[in-house]
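Observations on the three-dimensional arrangement
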Amino acid sequence: MRMVDVIDHKRNGSALTNEEIKFFVDGVVDGSIPDYQTSALLMAIYFNGMQDGEQAELAMQMLKSGDQLDLSDIPGIKVDKHSTGGVGDKTSIPLAPMIAALDIPIPMISGRGLGHTGGTLDKLEAIPGFNVELTEEAFKQQVKDIHLAIIGATGNIAPADKKIYALRDVTDTVDSIPLIAGSIMSKKIASGTDALVLDVKTGSGAFMKSEDQARDLAKALVSIGQNTGMDCMAVISDMNQPLGNMIGNALEIQESISILKGEGPEDITDLVLTLGSQMVVLAKKAKTLDEARAMLQTVIDNGKALASFRQMIVAQGGDGNVVDDPTLMPQAQFKIDLPAQTAGVVSKMTADELGIASMLLGGGRQTKDDQLDYAVGLELHKKVGDPVKAGEPLLTIYSNREDVEDIKKLLYDNIEIAAQAAPIKLIHEIIK
């Protein structure tokens, strides 16, 4: 088989065979296919797409290119959740302990943030001592013991994806749905879970800006999961404004604790319960979503969810007292209010730009090697649809530098106040 023939087939709109896909992935991993030919095939896939079977095979071959976690010795249906990323999206942090409090095993392998999106691991590392780098054995034992662990990727998972992603980044093929779907699902299937709930974001702070794009990606992800034997579904949720009220690592842990106490903002609490209900049903602990939601509300009300979070923190070397006193995490030196310049109703908060503001304060990375300042970020006092008076604080900037005029300008440019505002619908669609 020649790589030039594989490129020719896809360039001319043909579906690649399983053998061609395996040949391609193997060649990427062992280096026998040069970058220029890999790039050519990526561009052909970008323009001509892939059929469901092709997408599933690409994910499976990328999965087989590296290590796979075997979680079969952990009792019960293992359930995981994946988000395509957003601003203020800390849903995994309160959600995972809620699920674990219902005795559902949740072995979660998460990622770091880059650009305007925050990473679950970065937020957890704002907790003093918290260790996200467990061995595979320690990871599995912790899930057996307390039903919950959240760590970074162990071993050599999907090395083909690492090489292909690096080329996608420099060949402008990042936003190809088959390639995004293959990348996400190869790693999720490799993590060994039985069931997966996907939170696919749409809007200004999402990778998929339009609802049509988000729907296409959600369908591709669910199709791959189902084609490979995983119980899988997707929720399309809104990212036109930040989720919750806090943006920034320690601040989002603080808000996660509030959610677990039943005191969190309405929007993110609703999303956590919506995603969690689906997970409880997939784990076969409830027959209906209403029953599942009531079970989740019960473990919030009786304190079991919060206790589960504390238990995970301690198990992974962190200071469990953070649950009672969030000021044990890094604290910003300056808190600077951003006053509204006019009266009216908040009509727009461009999510990605607010995420960039937090990044520029030091709360996110512009390059993968940047060091984070866990203390900084934004606390929103107003969201879209809220009335505001002139001079009233729209938000508070948490900073370790006193001069934040550049941040204020960026924020003013991306928060609009009008006479009225169109309501934002949080849950757009369910894909099964």
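As recorded in an unreviewed UniProt entry, the protein chain goes by the name Pyrimidine-nucleoside phosphorylase, listed as coming from Secundilactobacillus collinoides. UniProt's Subunit (unreviewed entry) comment on the protein chain is quoted here verbatim: "Homodimer." Turning to the protein chain, the UniProt record has this under Sequence similarities (unreviewed entry): "Belongs to the thymidine/pyrimidine-nucleoside phosphorylase family."

1. A look at helix H4 (residues 52-64)
Given a rise of 1.5 Å per residue, 13 residues ought to cover 18 Å, and the 18 Å separating the end C-alpha atoms of H4 matches this to within 8%. Of the residues making up H4, those classed as buried are Glu 54, Gln 55, Ala 56, Glu 57, Leu 58, Ala 59, Gln 61, Met 62 and Leu 63. Packing partners of the buried residues in H4 comprise helix H1 (3-11), helix H2 (18-30), helix H8 (159-170), helix H9 (177-190) and helix H10 (211-227).

2. A look at the packing of H1 against H2
Two elements in contact, H1 and H2, have axes separated by 10 Å at closest approach and are oriented at 125 degrees. Classed by the angle they form, the pair H1 and H2 counts as oblique. As for the relative orientation of H1 and H2, their crossing is left-handed in sense. In contact with Met 3, Val 6 and His 9 of H1, H2 contributes Glu 20, Phe 23 and Phe 24. Looking at the contact of H1 with H2, its residues break down into four nonpolar, one polar and one charged.

3. Section: the packing of H2 against H4
Between H2 and H4, the least distance of the axes is 9 Å, while the angle of their chain directions is 35 degrees. The interaxial crossing formed by H2 with H4 has right-handed handedness. Residues Asn 18, Ile 21, Lys 22, Phe 24 and Val 25 of H2 touch H4, and the partners they reach there are Glu 54, Glu 57, Leu 58, Gln 61 and Met 62. Here the residues of the contact of H2 with H4 are counted per class, giving five nonpolar, two polar and three charged.

4. Remarks on the environment of Ser 258
With respect to the secondary-structure elements, Ser 258 resides in helix H11 (residues 249-260). Measuring from C-alpha to C-alpha, the distance between Ser 258 and Val 323 comes to 9.3 Å, with 65 residues separating the pair along the chain. Setting aside residues no more than four positions away along its own chain, Ser 258 makes contact with Glu 263 and Gly 264.

Procedures and definitions
- Residues numbered from 1 in each chain as written.
- Predicted model: local features only at pLDDT ≥ 70, side-chain atom pairs only at ≥ 80, totals over all residues.
- Heavy atoms only, no water.
- UniProt positions renumbered as here; feature names shortened; annotations may be inferred.
- Helix = DSSP H or I, 4+ residues; strand = E, 2+ residues; numbered from the N terminus.
- Expected span 1.5 Å × (residues − 1).
- Buried < 20%, exposed > 50% of the residue type's maximum accessible area, 1.4 Å probe, protein only.
- Contact = heavy atoms within 4.5 Å.
- Axes fitted to C-alpha atoms, helices over the stretch in contact; angles between N-to-C directions.
- Parallel < 35°, antiparallel > 145°, perpendicular 65-115°, else oblique.
- Left-handed = near helix turned anticlockwise from the far one by under 90°.
- Nonpolar A, V, L, I, M, F, W, Y, C, P; charged D, E, K, R; others polar.

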